[in-house]
Amino acid sequence: MLKNPKYIYGPCDRFVPASLNYGQYFLTKLKENSGKIALINGLTDEKLTYDDIAQEAINVSFSLTRMGVRKGDVIAVSSENRREYWSTVVGIICSGAVVTTINIGYTNDELKHVVGISKPKYLFCSPLAYKMHSKTYRSLGFLKHIILYGDEESPGAIPFKYLAVPSNRRTSHYHLELNVNFEDFEPIDVEGYDTLFILYSSGTTGLPKGVMITHQNILTLSCSNVILPPLLGLTITPWYHTMGLIGTLNSFSRGNTTVFLPKFNVEQYLRTVEKYKIEQLVLVPAALVALVKSSLDVDTSSVHLIYCGSAPLYEDTAKAVTKRFPNVTALLQGYGMTETTLAITMNYNPDKYGSVGTVTSHTVVKVVDPDTKEVLGPNKPGEICLKSATMMKGYVGRPRSEGYDDEGFFRTGDIGYYDEDGYFYIVDRLKELIKYKSYQVPPAEIETTLLKHPSVLDAGVVGVPHPVSGEVPVAFVVKSGPVTEAELVKFVADRLSNPKHIRGGVIFIDEIPRNQTSKILRKELRKMAKTRKSKL
């Protein structure tokens, strides 16, 4: 069998542990980094060491087993970013159970949908999440116990401290009396193909699906031979999302220290960079644009490296970064999705502005014409399709073949291309392309152009029906200064080709609707476009 010359093949250079047990692997990494600080809360300055996480994790695992948790049981974590999160996740993994992470920003209907997919038997919950969703959680017949973080106690919920922190004052049979000895502890046996995580697709174009990630998936991802500098990092990415969850676990496995903030606020973020002399940032493009446009006078000279993901980052934004972060030596972008565990391309070449990089190990990518399915060569945009050792096991309750083509490649729904050097570039989502006459117009390109205007803080573009042209672009804009609709229409027309002109007009609003990972909720914009009412 010969390789297809139009496919892009990643190297085969990763070797995973023979046991294929991620819990065992991760505990080993925690032990290797004994004495180091793992996490710092940028708001409270609270520090969490690798030893703290390891001890709490094995305590939680022991307690869960004593409560009756068995291999394959699903356990949910519904919480904002806080200190208990990681000992909970690692403890669940070591008990042989499956972790499912829940977005606390879900509406009740969204929450019922996702937990209806995974059907967790146990739930770890922050006080905030409990306050928001306790009624819904208590209505679930398959949920046996709720375990509550923090010092407050609530009837019917088990305090987390009972499971994680030993106490001589035994007031419940769940109380842990002594710390579990690390040397005596062993995670429950699993197979590499066993499900480790059930995560949820973003649901920006439809209802979320339950994505099954295996022990072998994440071990393959973790065992990279890429040597990265141990820089002090700052993250705001929610840990229930793939980028935050898997990315932070990966950082821990390398022994890094990470400062985290519970949510994104431009001033707070920049002052945290200055306070801790942060060296490395992990951001989504929307947050990076907001930072670049801020006029706040703070010292950001400590930042040397920025990782960006979750949405396309364009060349103009990348070039503007050096004004805000003067000592940045590289702005590196990756591309991936929940279904691929994390990134399947990564850019380590600072000269390739706007590229999401080259294909990662044990991955094969092809670009195909969405209509004819012809495999395309360099510099020809089409749908990105892939095979990878980090590819999900499948969707919960759906056929294994769903989402795959006849050759077994997963269809990402993303439009992109690669250049002569094998570097990939993302154009837009296939389902989000605006069909203007015979042209396919990527809304992200119009948004990027609008963001160049000094009076535009944020922008979102969707197609609206047109009796002659099929669809025309309409722009939603958040202003940072005085600007008119006519000015912005002309601004785009002067910079983009005819099919990309804003023929649907401009609607000024207070905020662009986005999900928790900053992806634009275009279905919400389409609803708003029907009313044609400006809020400003």
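Residues numbered from 1 in each chain as written. Predicted model: local features only at pLDDT ≥ 70, side-chain atom pairs only at ≥ 80, totals over all residues. Heavy atoms only, no water.

Now for the nonpolar core. Ranked by size, the top nonpolar core spans 77 residues in total, and within it Tyr 22, Leu 64, Trp 86, Phe 124, Leu 163 and Phe 197 carry the most contacts. In terms of residue count, helix α2 (residues 50–67) provides more of this core than any other element does, eight residues in total. Taken domain by domain, this core gets at least three of its residues from each of domain 1 (50–190) and domain 2 (217–431). Val 289, Leu 451, Val 461 and Val 464 belong to the second-largest nonpolar core, a separate cluster that totals 31 residues. (Core = buried A, V, L, I, M, F, W, Y, C linked by side-chain atoms within 4.5 Å. Buried < 20%, exposed > 50% of the residue type's maximum accessible area, 1.4 Å probe, protein only. Helix = DSSP H or I, 4+ residues; strand = E, 2+ residues; numbered from the N terminus. Domains from an automatic or database assignment.)

Here we take up the domain arrangement of the chain. Along its sequence, the chain is carved into domain 1 (50–190), domain 2 (217–431) and domain 3 (433–534). Computed over C-alpha atoms, the centres of domain 2 and domain 3 are 24 Å apart. Listed by partner, the interface residues are 16 residues for domain 2 and 19 residues for domain 3. With both chains or domains summed, domain 2 and domain 3 bury close to 1,400 Å², and 56% of this area falls on carbon and sulfur atoms. Here domain 2 is connected to domain 3 by zero salt bridges. At the boundary of domain 2 with domain 3, the tally comes to three residue pairs in polar contact (both at pLDDT 80 or more). If you list the elements that add at least two residues to the side of domain 2 that touches domain 3, you get α10 (285–293) and β22 (424–429). Residues of the side of domain 2 that touches domain 3, tallied by class, amount to nine nonpolar, two polar and five charged. (Contact = heavy atoms within 4.5 Å. Buried area = accessible area lost by both parts, 1.4 Å probe. Salt bridge = Lys/Arg side-chain N within 4 Å of Asp/Glu carboxyl O. Polar contact = N/O pair within 3.5 Å; in protein donor to acceptor, adjacent residues only side chain to side chain. Nonpolar A, V, L, I, M, F, W, Y, C, P; charged D, E, K, R; others polar.)

Applying the stated rule across the entire model yields one cavity of 30 Å³ or more. Computed from the structure, the largest cavity encloses a volume of approximately 60 Å³. Residue lining of the largest cavity: Leu 39, Ile 40, Asn 41, Glu 46, Lys 47, Leu 48, Arg 83 and Phe 260, and that is the complete set. Among the elements that make up the lining of the largest cavity, the one with the highest residue count is strand β2 (residues 37–41) (three residues). Tallied by class, the residues present in the lining of the largest cavity amount to four nonpolar, one polar and three charged. (1 Å grid on protein atoms, 1.4 Å probe; cavity = no way out; pocket = protein on both sides within 12 Å on 5 of 7 lines; lining within 4 Å. Points joined across faces, edges and corners; volume = space filled by probe spheres on them.)

Strands sit in the order β1-β18-β19-β21-β22 across an open sheet of five strands; the sheet is antiparallel. In the strand order of this sheet, the two ends are held by β1 (8–9) and β22, each with one partner. Strand direction decides the pairing type here: β1 and strand β18 (residues 363–368), joined by two bridges, are antiparallel. Residue pairing for β18: Tyr 9 is matched across the bridge by Val 364. (Pairing = 2+ DSSP bridges.)

What follows deals with the environment of Thr 242. Along the chain, Thr 242 turns up in helix α8 (residues 242–253). Judged by its relative accessible area of 5%, Thr 242 falls in the buried class. Considered as a pair, Thr 242 and Glu 339 are 97 residues apart in the sequence and their alpha carbons are 9.2 Å apart. For Thr 242, the contacting residues outside a window of four places in its chain are Leu 199, Gly 247, Met 337, Thr 338, Thr 341 and Leu 342.

Now for the sheet that holds strand β20 (residues 394–395). With mixed pairing, eight strands are arranged side by side in an open sheet as β8-β7-β6-β4-β5-β9-β10-β20. If you trace the sheet from one side to the other, it starts and ends with β8 (157–159) and β20, each paired once. The pairing of strand β9 (residues 195–200) with strand β10 (residues 210–214) spans five bridges and is antiparallel. By the bridge assignment for β10, Phe 197 is matched with Ile 213. Relative to strand β5 (residues 98–102), helix α3 (residues 84–94) is tilted by about 150°, and along the sheet it contacts β4 (74–78), β5, β6 (122–125) and β9. (Axes fitted to C-alpha atoms, helices over the stretch in contact; angles between N-to-C directions.)

Below, the discussion takes up the environment of Ala 76. With respect to the helices and strands, Ala 76 occurs in strand β4. As a C-alpha pair, Ala 76 and Thr 88 span 12 residues in sequence and 9.9 Å in three-dimensional space. Apart from residues no more than four positions distant in its own chain, Ala 76 is found in contact with Thr 100, Ile 102, Pro 120, Tyr 122, Leu 123 and Phe 124.

It is worth spelling out the pairing of strand β21 (residues 410–418) at this point. Counting buried positions over the nine residues of β21 gives seven, a clear majority of the element. Pairing analysis gives four bridges linking strand β19 (residues 382–388) to β21, with the strands arranged antiparallel. Of the residues in β21, the one forming a bridge with Leu 386 is Phe 410. Pairing analysis gives five bridges linking β21 to β22, with the strands arranged antiparallel. The residue bridging Gly 416 from the neighbouring strand is Ile 426, located in β22. Counted along the chain from β21 to the antiparallel partner β22, the turn is five residues long, and its residue Gly 422 has a positive phi close to 85°.

With that out of the way, let us pick up the packing of helix α1 (residues 22–32) against α3. At a closest axis distance of 8 Å, the pairing of α1 and α3 adopts a crossing angle of 135°. The orientation of α1 with respect to α3, classified from their angle, is oblique. Here α1 runs over α3; the crossing is left-handed. For the pair formed by α1 and α3, the contact residues are Tyr 22, Gly 23, Phe 26 and Leu 27 on the first element and Val 90, Ile 93 and Cys 94 on the second. Of the residues in the contact of α1 with α3, the class split is six nonpolar, one polar and no charged. (Parallel < 35°, antiparallel > 145°, perpendicular 65-115°, else oblique. Left-handed = near helix turned anticlockwise from the far one by under 90°.)

Here we take up the side chain of Ser 222. Examined against the element boundaries, Ser 222 turns out to sit in helix α7 (residues 215–222). Residue Ser 222 is classed as buried on the basis of its relative accessible area, which comes to 8%. Side-chain polar atoms of Ser 222 contact the backbone oxygen of Ile 218, separated by 2.8 Å. For Ser 222, the side chain forms a polar contact with the side chain of Asn 250, separated by 3.5 Å.

Turning our attention to the packing of aromatic side chains. Enumeration according to the criterion identifies 18 aromatic pairs in this entry. Measuring from centroid to centroid gives 5.4 Å for Tyr 404 and Phe 410, while their planes differ by 70°, and the two rings are edge-to-face. Judged on exposure class, the residue Tyr 404 and its partner Phe 410 are both buried. Each residue in the set Tyr 22, Tyr 25, Phe 26, Tyr 50, Tyr 85, Trp 86, Trp 239, Phe 252 and Phe 260 is aromatic and connected to the rest through ring pairs, giving one cluster. Here the basic side chain of Lys 479 rests over the ring of Phe 508, its NZ or CZ set 4.6 Å away from the ring centre. (Phe/Tyr/Trp six-rings, centres within 6.5 Å; stacked < 30°, edge-to-face > 60°. Lys NZ or Arg CZ within 6 Å of the ring centre and 35° of its normal.)

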